[in-house]
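Here's the letter readout for the chains.
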Amino acid sequence: MSRFIEERLGRINEYVPGEQPQDKKYIKLNTNESPYPPPANVTEAVGKKEIEDLRLYSDPECRLLKEKLAEIYGVKPGNMFISNGSDEVLNFAFMCYGHKGASFADITYGFYIVFAELYGIDADIIPLKDDLTIDPADYFNKGRLVVIANPNAPTGMLMSLADVKAILENNTDDVVIVDEAYVDFGGESALSLLAEHDNLLVVRTFSKSRSMAGARLGFGIADEAIIRDLEKIRYSTNPYNINRITQITGLRALENDGYFMDNCRRIIDTREYVTEELRKMGFFVTDSRTNFVFARSDDIGGAELYEALKERGILIRHFSIPRIRDFNRITIGSREEMEIFLENVREILAKKE
Ligand SMILES: *Cc1c(COP(=O)(O)O)cnc(C)c1O
């Protein structure tokens, strides 16, 4: 830190992304990326012309993307906000709506607390129940921004739509963010509640179910007034937040959306298989509705399993947060990758006996 930084900012505990090692080739099951590449029409979308056109600014309105997304989700383009990864919608929403404080779970997406610190927002951190689920009543009438990841991460667990609805109905004077980064892997979207709830902001991303984490593309869906708030922040920070390559590849991806939804089904099948195999080995595994599993074993510690697998060229995610330090979060890769993962876990456990 230099001696010039504002003291409050110097004290922030910044977000720590999962490892992206460049040294050797790992089986990468640590950052919830897709094992499947984007389809051919996306690969073919960028040629010499698109590269030459990089001399031009991108469309600050992201008009084509908004229209296509609106069509897919049955809303108006005016209900769509396009962002540089979904982290950016979340960032802007904390900036806009965090002034009275923010409520979110103790075990959830790690960026919420970072945004709260960044903007000096009073964080009301609500523990998950012992079974790692959320009690919706804990979020009623908070008088502040409410943020729910549904399905939640890193637990993978889903809250019912009835519970989400109850939270919306008991916070009518505050914005409720429902972060649906993983909803395509078997969640129930809150989008159907949009028409009746002007306080709902649904957040989505291309990073998980649409195989485009590196493109940095996310979006928010909400009442037009909320979208106008977020646009005000965007035009006050970075109006060209979505680069030309991301706009064109994102659009092509949506023209082939069935491809991604087929991949999601494949990942769901593999997830169910991995869950069952881990349970056979004695692991406790939550009921995940995401592209990862969250698992713990009485036979090996979370950090120990993480290290042993890393040694063998397999990366998973371990969090040193006391409440979940016995767990690991394991992204669902291809079936082949998961067979290798499972075989290695079996060997590691056998060696311990
Ligand atoms: C991955 C993730 C995000 C952020 O994804 P982007 O790559 O920024 O779109 C947001 N919320 C949750 C719960 C996530 O897991």
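(A) Here's a closer look at unusual backbone geometry. With an omega of -5°, the peptide bond running from Asn 150 to Pro 151 counts as cis. Looking at the secondary structure, you find Pro 151 in the loop between β5 (145-149) and α7 (161-169). Residue Pro 154 follows Ala 153 across a cis peptide bond; omega there is 5°. On the secondary structure map, Pro 154 appears in the loop between β5 and α7.

(B) Local environment of the site of the ligand. Lining the immediate environment of the ligand, one finds Gly 85, Ser 86, Asp 87, Tyr 109, Asp 179, Ala 181, Tyr 182, Thr 205, Ser 207, Lys 208 and Arg 216. Between the ligand and Asp 179 there is a distance of 2.6 Å, counted from a nitrogen atom to a side-chain nitrogen or oxygen. Residue Thr 205 places a side-chain N or O atom 2.5 Å away from an oxygen atom belonging to the ligand. Isolated, the ligand exposes 380 Å² of accessible area, and the fraction of that covered by the protein chains is 92%. More than half of the atoms belonging to the ligand lie within 2 Å of the grid points that define the largest pocket.

(C) Here's a closer look at the sheet that holds β5. Strand order in the open sheet formed by seven strands is β2-β8-β7-β6-β5-β3-β4, with mixed pairing between adjacent strands. At either end of the open sheet lies a strand with only one pairing partner, and these are β2 (80-83) and β4 (123-126). Between one strand axis and the next, the sheet turns through 20° on average, direction left out of account. Of the pairings in the sheet, the one linking β2 to strand β8 (residues 218-222) comprises four bridges and is antiparallel in character.

(D) Here's a closer look at the side chain of Thr 275. With respect to the helices, strands and loops of the structure, Thr 275 is situated in helix α10 (residues 257-280). Under the relative-accessibility criterion, Thr 275 is labelled buried at 6%. Non-local contacts of Thr 275, meaning those with residues more than four positions away in its chain, are made with Val 285 and Val 293.

(E) Structural context of the layout of surface pockets. Estimates place the volume of the largest pocket at around 1,100 Å³. Along the walls of the largest pocket sit 46 residues, with Tyr 15, Val 16, Tyr 109, Gly 110 and Arg 317 positioned nearest its centre. When contributions to the lining of the largest pocket are tallied by element, the ones reaching two or more residues are α5 (86-97), β3 (102-105) and α6 (111-118). Among the elements that make up the lining of the largest pocket, the one with the highest residue count is α6 (four residues).

(F) The side chain of Thr 331, seen in detail. Note that Thr 331 resides in strand β12 (residues 327-331). A distance of 2.7 Å separates a polar atom in the side chain of Thr 331 from a polar atom in the side chain of Asn 32. Residues within four places of Thr 331 in sequence aside, it is in contact with Leu 29, Asn 30, Thr 31, Asn 32, Glu 33, Asn 291, Phe 292 and Met 338.

(G) Spotlight on the pattern of salt bridges. One pass over the full model with this rule turns up 32 salt bridges. For Glu 19, the salt bridge goes to Lys 310, with nearest N and O atoms at 2.7 Å. Placement of the pair is Glu 19 in the loop between α1 (7-10) and β1 (27-28) and Lys 310 in helix α11 (residues 302-311), with a sequence separation of 291 residues. Judged by relative accessible area, Glu 19 falls into the partly exposed class, the value being 28%. Residue Arg 296 pairs with Asp 298 through a salt bridge whose shortest N-O separation is 3.6 Å. Sharing partners across several salt bridges, the network here consists of Glu 277, Lys 280, Glu 343 and Arg 346.

(H) Just a nonpolar patch on the surface, in detail. A cluster of nonpolar side chains, namely Met 1, Ile 5 and Leu 9, defines an oily patch on the protein surface of about 310 Å² accessible area. Here Met 1 is to be found in the segment before α1. Among the residues examined, Met 1 registers a relative accessible area of 78% and is labelled exposed.

(I) Layout of α10. For α10, which comprises 24 residues, the first-to-last C-alpha distance of 35 Å matches the rise-based estimate of 34 Å (1.5 Å per residue) to within 8%. Burial in α10 covers these residues: Asp 257, Phe 260, Asn 263, Cys 264, Ile 267, Thr 270, Arg 271, Tyr 273, Val 274, Thr 275, Glu 277 and Leu 278. The elements touched by buried residues of α10 are α4 (63-73), α9 (244-255), β9 (284-285), β10 (292-296), β12 and α12 (335-352). Backbone geometry just downstream of α10 places Gly 282 in the positive-phi region, at approximately 95°.

The rules we used
Throughout, a residue's number is its position along its own chain's written sequence, starting from 1. Only residues with pLDDT of 70 or above have their local features reported here, since the model is predicted, and side-chain atom pairs are shown and tallied only from 80 upward, although totals for entire chains, interfaces and linings are computed over all residues. Water and hydrogen atoms were dropped before computing side-chain values, which therefore reflect all heavy atoms in the structure. Secondary structure follows DSSP: runs of H or I at least 4 residues long count as helices, runs of E at least 2 residues long count as strands, and numbering of each begins at the N terminus. Near is defined per residue: the residue qualifies when any heavy atom it owns lies within 4 Å of the molecule or strand. Definition of a polar contact: a pair of N or O atoms within 3.5 Å, with one able to donate and the other able to accept a hydrogen when the atoms are protein atoms, and with sequence-neighbouring residues admitted only if both atoms are side-chain atoms. The accessible surface values rely on the Shrake-Rupley method and a 1.4 Å probe; as for residues, cover is taken only from the protein chains in view. Using protein atoms alone on a 1 Å grid, points that fit a 1.4 Å probe yet trap it form a cavity, whereas open point sets bounded by protein on both sides within 12 Å along at least five of seven lines form a pocket; residues with an atom within 4 Å of a point count as lining. A cavity or pocket is said to hold a molecule if more than half of that molecule's atoms lie within 2 Å of its grid points. Pairing between strands requires that DSSP locate at least two bridges from one strand to the other. Between the N-to-C directions of two axes lies an angle of 0 to 180 degrees, each axis being a line fitted to C-alpha atoms and, for a helix, fitted only over the stretch in contact. The buried label applies to any residue whose accessible area, calculated with a 1.4 Å probe on protein chains only, is under 20% of its type's maximum; exposed applies above 50%, and partly exposed to all values in between. Note on definitions: a residue-residue contact is assigned when non-hydrogen atoms from the two residues lie within 4.5 Å. Grid points are joined across faces, edges and corners, and a volume is the space filled by probe spheres set on the points. The working definition used for a salt bridge is a side-chain nitrogen of Lys or Arg within 4 Å of a carboxyl oxygen of Asp or Glu. Each patch is built from salt-bridge-free residues with over 30% relative accessible area, joining like charges within 9 Å and nonpolar side chains (Val, Leu, Ile, Met, Phe, Trp, Tyr) within 5 Å. The length a helix should cover is 1.5 Å for every residue beyond the first.

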